[in-house]
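Spelled out from the first residue to the last, the chains are:
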Amino acid sequence: MDIQTTKENGILTIEFNRPDKKNAITSTMYQLMADALSDAETDNAVRAILIIGKPEIFTAGNDLEDFMKHSSAPVGERPVAQFMRHLSTATKPVVAAVAGAAVGIGTTLLMHCDLVYAAENAKFSMPFTQLGLCPEFASSMLFPQMVGYQRAAEKLLLGEAFSAQEAQEMGFVSRVLPAPDLIPFAHAQAAKLVALPASSLRTTKRLMKDSQVEAVQHRMLEENKHFGAMLGANEAKEAFTAFFEKRRPDFSKFV
């Protein structure tokens, strides 16, 4: 399975398991993750959620071939939108462990996790403008709040990768660890959460996030509207064509 889910000792682990494709995410994978998160919400045996990838790669973001196959469907109705809604509204604590590249949604999903840890080899990027698109998953709101406008603007406007060390300096990740220690440490942190009173954790998380719940959902809808429109525009078509033709895109002819 390209997404592996396991429930053990109170922890639901969701693992990207498509290393031959750099864990690029398909619609089927999004649906599996959305369903797992939905199930966890009502399963009293699940007290914490852990999202992981492989030691060499977290995820390369969307599988562009699969993405284009489903590009005619309304953005808000796609499995990716279901995944976004379930993760952004999860009431149980979510821990993420990132090793290797976390591209696009591989970075923006982390903004909805509660504890984020990175390996020394982690690289984060949100190359939406490079694809003729705009940010998603409320990252245009949450990222400036987390790291400050200037730093967020540099990462979102240029779309360039930044290191685990820079992510920690910005306050985007809590801790950077040697790659072999990452998953054991994140799992241990999730286990600590499992041992705490579930109601206390849910209430604390709700109190921290309640003031932004409506704003986050509204921003995701607004981003999705622009994202859907831009997906059919000439700039995105040029970016995707260039990607498949393995060449540098030329946006000079577009105003």
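Look up a bit, the structure's there.
These notes cover the structure that comes with them.

What counts, and where the lines are drawn
- Residues numbered from 1 in each chain as written.
- Predicted model: local features only at pLDDT ≥ 70, side-chain atom pairs only at ≥ 80, totals over all residues.
- Heavy atoms only, no water.
- Pairing = 2+ DSSP bridges.
- Helix = DSSP H or I, 4+ residues; strand = E, 2+ residues; numbered from the N terminus.
- Core = buried A, V, L, I, M, F, W, Y, C linked by side-chain atoms within 4.5 Å.
- Buried < 20%, exposed > 50% of the residue type's maximum accessible area, 1.4 Å probe, protein only.
- Salt bridge = Lys/Arg side-chain N within 4 Å of Asp/Glu carboxyl O.

1. A short note on the pairing of strand β1 (residues 3–8)
Where β1 and strand β2 (residues 11–16) come together, six bridges link them in antiparallel fashion. The residue bridging K7 from the neighbouring strand is L12, located in β2. The antiparallel pairing of β1 with β2 creates a hairpin that spans two residues between the two strands, and N9 there sits at a positive phi of about 55 degrees.

2. With respect to the nonpolar core
The biggest cluster of nonpolar side chains holds 60 residues, and the ones touching the most others in it are I51, F83, L109, F124, F143 and F172. Take this core: its biggest share by element is seven residues, from helix α1 (residues 27–42). Listed in part, the 17 residues of the second largest apolar core include A48, L177, F185 and A186.

3. Overview of the sheet that holds strand β4 (residues 57–59)
The strand order across the open sheet formed by four strands is β4-β6-β8-β9, and the pairing between neighbours is mixed. This sheet does not close on itself; its edge strands, each paired only once, are β4 and β9 (162–163). Bridge analysis of strand β6 (residues 101–103) against strand β8 (residues 123–125) gives three bridges, and the strand direction is parallel. Bridged to V103 within β8 is S125.

4. Details of the pattern of salt bridges
Counted by the stated rule, this structure contains 12 salt bridges. The salt bridge involving R18 is made with D2; its shortest N-O contact spans 3.9 Å. Residue R18 is located in the loop between β2 and α1, and its partner D2 is located in the segment before β1; the two are separated by 16 residues in the primary sequence. Overall, R18 belongs to the buried group, its relative accessible area being 13%. Take D2: its relative accessible area is 33%, and that puts it in the partly exposed class. D210 serves as the salt-bridge partner of R206, at 3.6 Å between the closest nitrogen and oxygen. Using a relative accessible area of 42% as the deciding quantity, one classes R206 as partly exposed. Three or more residues are tied together by salt bridges with common partners; here these are D2, R18 and D63.

5. Comments concerning the pairing of β2
With six of six residues buried, β2 is to be regarded as a mostly interior element. Residues of β2 alternate between two faces, with I11, T13 and E15 on one and L12, I14 and F16 on the opposite face, all of them buried. The pairing of β2 with strand β3 (residues 48–52) spans five bridges and is parallel. For L12, the partnering residue across the bridge sits in β3 and is I49.

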